[in-house]
Amino acid sequence: MPNRSLGDLLESRQNSFNAVRLLASAAVFVSHSFLLLPFGAHLEPFDGATYNLGQIAVNVFFCPSGLMLSRSYALNRNPARFAWARTVRIFPGLIAASMVTAWIIGPLNTTLPLGDYFAAPETLAYPFSVPLLFNAAPLPGVFAFGVEPFSISTPLWTIKYELLAYIGFTGFAATGLWPRGRGALIVTPALGIALTVTTFNHALDENIAGSLLRFGFCFALGHLAFIYRDVIRLDMRGALAGLGLGLPLLFTPLGALVSIVSVGYLAVCLGNISFGRLTCWSRRTDISYGIYLYAWPIQQMLIGRFAHDAFDAMGLALLAAAIAVAMGWLSWTLIERPALSLKLRENILVAAN
């Protein structure tokens, strides 16, 4: 329904947020496909702006995450149950994907003899080191080629910030310190100002603190949207107009603030429209997380290793996309959805405490 409020959309539960996350995963895939090309300028789309295509897509993950997690906690304010739900959403799929990467993809793409590869402690430990080290977890001799050598699971670096957002939100909410109402109206703009200032002076470029600030602002913006959900109108024409007006600013220090706010609003507006069968299917089958987990090693294995020209790259990118979608579906069907059913048992865990 056009121009309804964000609150109405959340109450109806008839939304396309899963489809929006799927589109964001596709955008990350496209952006990384350009990054892995062994020819050209080695650039991702929109490089030169504050955020390239892949970074914009990751911001899209964090803004609705702040919105939906705020809603989840408002419906059920039990911190133990909330933390358990986040745990079973993130870790089973992550560990399973790490097993596939280490024990199936890795042996096909290592410079070591297979006996030496499987004898290496890093190989056996990889699925259990990823939840601690994320993209820094090593695999011996894997992907020793291409323009991103030894890059095993690059996109996993963002998951630690998602987990930090969950932990921070749960801790602050449980203690009553999470900003609400006027507090959120102060904290969120303050984060936006800090992001703009550090973008201007490059003080936090390629820095953990810079990533915390960037994703913290995205998450806080989603939380603020939830607080004022009943006054926020969802107007797609307004979202597109704001995006267009903000384009010239994307190459200035204001680009970070403008990009996150405009794309975040566009994301919730897209959640208000129907993509037909994609919306219906994605409500039941959420493969976006699985695609995010599997796409990079599959792209490395195909595009990074075998692409030599544009024709090769296009065909291999299509093949990698098909495999990533299939792995995303298997991850959802065999791992993620069964793990989410464990939410039903969290009442037992909470009662036992």
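Use the structure listed above.
The paragraphs below set out a description of the structure included in this document. Counting restarts for each chain: residues are numbered from 1 in the order of the written sequence. Residues qualify for local features only when their pLDDT is at least 70, as the model is predicted, and side-chain atom pairs are given and counted only at 80 or more; totals for whole chains, interfaces and linings, by contrast, use all residues. To obtain the side-chain values, all non-hydrogen atoms of the structure were included, while hydrogens and water were left out.

### Describing the overall build of the protein
Here's step 1: Put simply, DSSP H or I for four residues or longer makes a helix, DSSP E for two residues or longer makes a strand, and each gets a number counted from the N terminus. Regarding its fold elements, the protein presents 15 helices and zero strands.
Here's step 2: For this measure, only C-alpha atoms enter the radius of gyration; the expected value for a globule follows 2.2 Å times N^0.38, where N is the number of residues. For 353 residues, the compact-globule estimate of 2.2 N^0.38 gives 20 Å, and the protein sits close to it at 21 Å.
Here's step 3: A principal-axis box enclosing the C-alpha atoms of the protein has dimensions of 60 × 55 × 45 Å.
Here's step 4: Burial analysis of the protein (353 residues in total) assigns 50% to the buried set.
Here's step 5: Residue contacts are defined here by distance: any two heavy atoms, one from each residue, within 4.5 Å place the two residues in contact. A fraction of 78% describes how many contacts in the protein between residues 6 or more apart in sequence connect residues 24 or more apart.
Here's step 6: Every accessible area reported is derived by Shrake-Rupley at a probe size of 1.4 Å, with residue values counting cover from the shown protein chains alone. Summed over its atoms, the accessible surface of the protein is roughly 16600 Å², and 70% of this surface lies on carbon and sulfur atoms.
Here's step 7: Counted charges follow a simple rule, with Lys and Arg positive, Asp and Glu negative, and His plus the chain ends left uncounted. A charge is said to be at NZ when it belongs to Lys, at CZ for Arg, at CG for Asp and at CD for Glu. When the 22 positive and 17 negative side-chain charges of the protein are each reduced to one mean point, those points stand 15 Å apart. Each residue gets one of three labels from its accessible area relative to the maximum for its type: buried under 20%, exposed over 50%, partly exposed in between, using a 1.4 Å probe on protein chains only.

### Remarks on the nonpolar core
Here's step 1: Residues belong to one nonpolar core when they are buried, are Ala, Val, Leu, Ile, Met, Phe, Trp, Tyr or Cys, and are joined through side-chain atoms within 4.5 Å. Ranked by size, the top nonpolar core spans 53 residues in total, and within it L94, I159, L293 and I298 carry the most contacts.
Here's step 2: Elements represented by at least two residues in this core include exactly α2 (17-35), α3 (53-75), α4 (79-108), α6 (121-133), α7 (157-175), α13 (288-306) and α14 (310-340).
Here's step 3: With ten residues, the top contributor of residues to this core is α13.
Here's step 4: Formed by 25 residues, the second largest nonpolar core is a distinct cluster that contains L53, V60, F215 and V263.

### Comments concerning the side chain of T123
Here's step 1: Positionally, T123 belongs in helix α6.
Here's step 2: If near-sequence neighbours (up to four positions away) are discounted, T123 is found in contact with A102, W103, Y117, F118, L139 and P140.

### Some remarks on the packing of aromatic side chains
What describes a pair of aromatic rings is the distance from one ring centre to the other and the angle between the planes of the rings.
Here's step 1: To pair, rings of Phe, Tyr and Trp, with the six-membered ring standing in for Trp, must have centres within 6.5 Å; the planes then decide the type, stacked if under 30 degrees apart, edge-to-face if over 60, and tilted in the middle. What the rule picks out here adds up to eleven aromatic pairs.
Here's step 2: Seen from their ring centres, Y73 and F82 are 5.4 Å apart, and the 85° between their planes marks the pair as edge-to-face. Here Y73 and F82 have matching classes, each one buried.
Here's step 3: Relative to F145, the ring of F143 has its centre 5.8 Å away and its plane inclined at 80°; by these criteria the two rings are edge-to-face.
Here's step 4: Under the relative-accessibility criterion, F143 is labelled buried at 0%.
Here's step 5: Cluster of aromatic residues (ring-pair linked, three or more members): F62, W157, Y161 and F215.
Here's step 6: Whether a charge sits over a ring depends on NZ of Lys or CZ of Arg being within 6 Å of the ring centre and within 35 degrees of the ring normal. When the ring centre of F82 is taken as reference, the NZ or CZ atom of R86 above it lies at 4.8 Å.

### What to know about the environment of A307
Here's step 1: As for its placement among the helices and strands, A307 is situated in the loop between α13 and α14.
Here's step 2: Look at A307 and you get buried, because its relative accessible area is 3%.
Here's step 3: Along the primary structure A307 and G146 are separated by 161 residues, whereas in three dimensions their C-alpha atoms are 9.3 Å apart.
Here's step 4: In contact with A307, other than residues within four places in its own chain, are P38, L302, D312, A313 and L316.

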